[in-house]
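Tertiary structure, described
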Amino acid sequence: MERFDGRRVLITGAGSGIGQATVHRVLAEGGRVVAADISETGLKATAERAAADGHGDRLSTAVLDIADEAAARAGVAAAVEELGGLDVLVNAAGILRASHTHETTLDAFNRIIAVNLTGTFLMIREALPALLRGRAPVVVNFSSTSAAFAHPYMAAYAASKGGIQSMTHAIASEYAQQGLRAVCVAPGSVRSGMTADPGLPADADMSLFGKLMPAIGKGFAPPETVAGVIAMLASEDGAFITGTEIRIDGGTHM
């Protein structure tokens, strides 16, 4: 499939996990990508894989802290210049820090909100002018099953993801008449750096999590599972989907 032939895509969180998998999926489908991440090492791995796959000529990388307003502004501007415009923004960057809520410091809470929610807002705000000039523009944001289901020890993370989900609805409504679509993916039971080591408290009560394993498959899904859904949503196949979230959790929360 060449659903992204000629499409210009900026993907954050592109140095690992679902963001990295999305880069490779979009490249495989013909897109041009600027991959952004705070980790230079992660971006190097992404670029090496793209080169090995024969897609290196359509990939550029950028070290970017999305929680920094000036960096977000400069990063989006550089990406738009590199690509000659922008059609798709995928906000995959995020962090997870688990702790007892009564032990969570304000600094820790604010950092999670700054990266996940404020960072997503900053990237959207800076990208909107270019997106509204783009072809069938789409914003894909990352919510989480934590936004709608009880995940203990993750109050700050859940708050940030719920905020992203609500913001996505607002943006979809505000810019629908200008041709922009805005959607969320809500992954759960997916293997990634965050789920591999969420940093749960040493005395965490695992019974509070309820059912952990998905109803289908043989365990947690790979990041490529979510990347495939993102590719659909950001392509013409998702042209009638906006202002909503797609839960990708193998039925864990059904």
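The coordinates are above.
The text that follows walks through the structure, step by step, so that each part is easy to find. (Residues numbered from 1 in each chain as written. Predicted model: local features only at pLDDT ≥ 70, side-chain atom pairs only at ≥ 80, totals over all residues. Heavy atoms only, no water.)

The next thing to look at is the environment of G243. Note on placement: G243 falls in the loop between α7 (223-233) and β7 (245-248). In the structure, G243 is positioned 73 residues away from A170 in sequence and 7.6 Å away in space, judged by C-alpha atoms. When sequence neighbours within four positions are dropped, the list of residues in contact with G243 reads H169, A172, A182 and V183. (Helix = DSSP H or I, 4+ residues; strand = E, 2+ residues; numbered from the N terminus. Contact = heavy atoms within 4.5 Å.)

Attention shifts here to the environment of D249. Within the secondary structure layout, D249 lies in the segment after β7. By relative accessible area, which is 6% here, D249 ends up buried. The sequence separation of D249 and G199 amounts to 50 residues, and the corresponding C-alpha distance is 21 Å. In terms of polar contacts, D249 uses its side chain to reach the side chain of R247, at 3.1 Å. (Buried < 20%, exposed > 50% of the residue type's maximum accessible area, 1.4 Å probe, protein only. Polar contact = N/O pair within 3.5 Å; in protein donor to acceptor, adjacent residues only side chain to side chain.)

Between two packed helices, both the angle of their axes relative to each other and the distance between the axes serve to describe the pair. Running from amino to carboxyl end, helix α1 (residues 17-28) crosses helix α2 (residues 40-52) at an angle of 25°, the nearest separation of the two axes being 10 Å. Taken together, the axis directions place α1 and α2 in an arrangement best described as roughly parallel. Relative to α2, the crossing made by α1 is right-handed. Of the residues in α2, those in contact with Q20, V23, H24 and L27 of α1 are G42, A45, T46, R49 and A50. In terms of residue class, the contact of α1 with α2 is made up of four nonpolar, four polar and one charged. (Axes fitted to C-alpha atoms, helices over the stretch in contact; angles between N-to-C directions. Parallel < 35°, antiparallel > 145°, perpendicular 65-115°, else oblique. Left-handed = near helix turned anticlockwise from the far one by under 90°. Nonpolar A, V, L, I, M, F, W, Y, C, P; charged D, E, K, R; others polar.)

Glancing now at the packing of α1 against α7. Across the interface, α1 lies against α7 with an axial gap of 8 Å and an inter-helix angle of 55°. Here α7 runs oblique to α1, going by the angle between their axes. Crossing angle aside, the handedness with which α1 passes α7 is right-handed. Touching G17, I18, A21, T22 and R25 of α1 are P223, E224, V226, A227, G228, I230 and A231, all from α7. Tallied by class, residues from the contact of α1 with α7 come to seven nonpolar, three polar and two charged.

Sheet architecture is open: seven strands sit in the order β3-β2-β1-β4-β5-β6-β7, paired in parallel fashion. With partners counted over all chains shown, the strands left at the sheet margins are β3 (59-63) and β7, one partner each. Sheet twist, expressed as the average angle between the axes of neighbouring strands with direction ignored, equals 15°. Note: strand β5 (residues 138-142) against strand β6 (residues 181-187), five bridges, orientation parallel. Looking across to β6, one finds that F142 is bridged to V185. Where α1 meets the sheet, its contacts fall on β1 (8-12), β2 (32-37), β3, β4 (88-91), β5 and β6, and the angle it forms with β1 comes to roughly 165°. Set on the sheet, helix α3 (residues 69-83) makes contact with β1, β2 and β3; between it and β2 the angle comes to about 160°. (Pairing = 2+ DSSP bridges.)

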